[in-house]
Amino acid sequence: MNPLKRLGCRQASVLGLLAATVLVTSGTATGASDAVRASTLGAQAAQSGRYFGTAVAAGRLGDGTYTGILDREFNSVTPENEMKWDTTEPSRGNFNFGPADQIVNRAIAHGQRMRGHTLVWHSQLPGWVSSIRDANTLRGVMNNHITTEMNHFKGKIYAWDVVNEAFADGGSGQLRSSVFRDVLGNGFLEQAFRTARSADPAAKLCYNDYSIEDWNAAKTQGVYRMVRDFKSRGVPIDCVGFQSHFGTGGPPANFQTTLSNFAALGVDVQITELDIAQAPPTAYANTVRACMNVPRCTGITVWGIRDSDSWRSGENPLLFDRNGNKKPAYNAALTALGGTPTAASGSTTAQRKAVRSAKSAAALPSTFKWSSSGALISPKPDATHNIAGIKDPTVVYYNGKYHVFASAANASGYNLVYLSFSDWSQAGSATHHYLDRTAIGSGYRAAPQVFYYAPQRLWYLVYQTGNASYSTNPDISNPNGWSAPRNFYASMPDIIRQNIGNGYWVDMWVICDNANCYLFSSDDNGHLYRSQTTVGQFPNGFTNTVIAAQDSNRYALFEASNVYKVQGANQYLLLVEAIGSDGRRYFRSWTTSSLAGSWTPLAATESNPFARASNVTFPAGAWTKDISHGEMIRAGYDQTLTIPACRLQYLYQGKDPNASGDYNSLPWRLGLLTQTNSTC
Ligand code: 9MR
């Protein structure tokens, strides 16, 4: 976002140069790290952004065959019994996390993510809990158990099974009888999820159950109604676990339908305890495929490693035999994940490359079509803020709400504003909190970007002040919680100083992969810059600033760049705002497989733009011809900036096409694009 009035930017003669090609500089990475790792389950699942995990028993960690397979094949771990109530709080207030700590600390040391299993369950529940008859006592005990256990593991657990197996078998579709339901009533689930959210706001909260894989089953419908109700009332829930303990026939034919119907409620879905009697390869392949076909199916966990490790060992239901050898079901699962178990070691570099490019091409289309809302968010001046335009939005969906930060502009300058709402229909009535009243302070602050930096459990707001600046906040919903601005750089990096010409240093953007964080910025002079630091050092240490992309026509590679990770694909997306030959703003797009790599055009021209008035329909009326500075609605909210591959949504700034005059006083409003040509 350029804070100053630009002269001459609507001169078609200048813009006739627009066809010039964007030159991209190749960074150090060439995509070599992105080889199709077809030889193990976890690495192959990671190719589509998923995990492949297993249940682990602390008692087996001394077995070298067991740990050998564990560390080679799996990138997620669920303690099979060690986090259950009978182990963790065997008597009231006496907590024992020793066995679970062994599993968790080992998993973290091996780069495996953790599922927490389970906080509230009628089974493996000590007698002192099941004999409680007083509701206040039980509520206090349940809340204390959830809070103490979640606090103990805080920051180490990706997703918690908050409540396990609360629904009855058979045709009722109702909750089963348990001390929790019988003493606290049906509301115990809501209570448990709310308590869990306050205990660890960064963990995903799941409901987990068995026999809910068949869409037509009464039990499935009962769980579905509960999740729908939770979502509609803002009760926190992020995921549903389908245990998937199958008979020899494997999953029901409609399992994928079940997964996608739940996902459509706005939750992740996961296969959490997979085992199949006799492990028929087709049954395993069908199960894995059902997950792979649902973008929000984020991972699969098998319930044990070798048949001899299984709770149903008599049925040989797992992927490895008693000796630790791969069974036919293993190859079937790996193939269904997209791997090629037999061809992998013998395939040539060219074959691997072909597979790789086919896979990444499938992730996003190369043309886009959109439908726009009307203007959803307009300035709300108050006694001390006379705002002309609301601009440059950044947005995350977190804890049942959209949290939007934006620039608030008028002739005298820029500062920031924050609003939150549960639904886009509520966006217009949300309260605007002006952040110049907070420690962020008054003066020039613009073009914010917000994300949760999971390693530090802190929210970051990145913005421009003349330098690249940031504030932090432990609670995104508290506008007064932001720290005073700090700078990422001591001063403008030399390479920017040397190339900026008469442009402006604007639109700082941070994105991290597993190892590094990258800071992108623009200069309104045809250059996109990139600096980097390590995940451990962030927010300090940004160095090695390079030109990541450039164009001899400054207007073709102007500003407002966004970089995202595409969920389920080894692909990153770059958007850069350009000024078209009609003088209107629009977005061009590129992709890469490595954040430090070079960018390949995707939809990058005026005739095939990423988003331009020409590929947007306006059912509510064509209120803007500019599709300008904004941000994608993400699939998550952390520093990886992951977006879904399907049904993209983009929050942007537009304005009355007839408005003119002082650039800072233009009447910018925010609207939402929704992709209409998604094929998945
Ligand atoms: O695999 C677990 C086994 O070792 C325990 O004895 C059993 C006790 O109920 O729990 C098993 O795991 C269960 C999981 O926690 C919840 N879903 C059903 C699993 C199989 O019973």
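Details of the structure are given in the entry above.
Not measured: the values here are computed from a predicted model. (Residues numbered from 1 in each chain as written. Predicted model: local features only at pLDDT ≥ 70, side-chain atom pairs only at ≥ 80, totals over all residues. Heavy atoms only, no water.)

What follows is about the packing of helix α7 (residues 135–152) against helix α9 (residues 188–199). The relative placement of two packed helices is expressed as an angle between their axes plus a distance between the axes. The contact between α7 and α9 brings their axes to 9 Å, and the two run at 35°. At the point where α7 passes α9, the crossing takes the right-handed sense. Of the residues in α9, those touching α7 at R139, M142, N143, I146, T147, M150 and N151 are F188, Q191, A192, T195, A196 and A199. Residue composition of the contact of α7 with α9, grouped by class: 7 nonpolar, 5 polar and 1 charged. (Axes fitted to C-alpha atoms, helices over the stretch in contact; angles between N-to-C directions. Helix = DSSP H or I, 4+ residues; strand = E, 2+ residues; numbered from the N terminus. Left-handed = near helix turned anticlockwise from the far one by under 90°. Contact = heavy atoms within 4.5 Å. Nonpolar A, V, L, I, M, F, W, Y, C, P; charged D, E, K, R; others polar.)

Taken together, 13 residues lie near the ligand, and E80, K84, H117, E165 and E273 sit nearest. Contact distances for the ligand include 2.4 Å between an oxygen atom and a side-chain N or O atom of E80. Within the side chain of N81, one N or O atom sits 3.0 Å away from an oxygen atom of the ligand. The protein chains hide 76% of the 450 Å² of surface that the ligand would expose on its own. (Near = heavy atom within 4 Å. Polar contact = N/O pair within 3.5 Å; in protein donor to acceptor, adjacent residues only side chain to side chain. Areas by Shrake-Rupley, 256 points an atom, 1.4 Å probe, with all protein chains shown as cover.)

A few words now on the sheet that holds strand β16 (residues 446–453). Taken in spatial order, the 4 strands make up an open sheet running β16-β17-β18-β19, and their pairing is antiparallel. Single-partner strands in this sheet number two, and they are β16 and β19 (486–487). Sheet topology places strand β17 (residues 458–464) next to strand β18 (residues 468–473); 6 bridges connect them, and they run antiparallel. Note on β18: the bridge partner recorded for Y460 is T472. (Pairing = 2+ DSSP bridges.)

Attention shifts here to the environment of A446. Examined against the element boundaries, A446 turns out to sit in strand β16. With a relative accessible area of 0%, A446 lands in the buried category. Expressed as a C-alpha distance, the spacing of A446 and N261, which sit 185 residues apart in the sequence, is 40 Å. (Buried < 20%, exposed > 50% of the residue type's maximum accessible area, 1.4 Å probe, protein only.)

What follows is about unusual backbone geometry. As a rule of thumb, non-glycine residues mostly have phi less than zero, and peptide bonds are mostly trans rather than cis. Along the chain, H117 connects to T118 via a cis peptide bond; the corresponding omega equals 0°. For T118, the location among the structural elements is in strand β4 (residues 113–121). Residue P539 is reached from F538 by a cis peptide bond, and omega for that bond is 10°. Turning to its location among the elements, P539 is positioned in the loop between β22 (527–534) and β23 (543–551). Even without a glycine there, the phi angle at N544 is positive, about 55°. On the secondary structure map, N544 appears in strand β23. The backbone of R647 sits at a positive phi, close to 45°, despite the residue not being glycine.

A few words on the nonpolar core. Soluble globular proteins tend to bury their nonpolar side chains together. Formed by 95 residues in total, the largest nonpolar core has its most connected members in V163, F180, F188, L189, F193 and Y207. Residues Y460, A549, I643 and L648 belong to the second largest nonpolar core, which totals 65 residues. (Core = buried A, V, L, I, M, F, W, Y, C linked by side-chain atoms within 4.5 Å.)

In space, the 5 strands of this open sheet follow the order β28-β11-β32-β31-β29, with mixed pairing throughout. Every interior strand has two partners, whereas the edge strands, β28 (616–617) and β29 (628–632), have only one. Bridging between strand β11 (residues 370–372) and strand β32 (residues 669–675) involves 3 bridges; their strand directions are antiparallel. Among the inter-strand pairings, S371 is bridged to a residue of β32, identified as T674.

With respect to the helices and strands, T431 occurs in the loop between β14 (413–421) and β15 (433–434). Exposure remark for T431: the relative accessible area of 53% places this residue in the exposed category. In contact with T431, other than residues within four places in its own chain, are Y418 and L419.

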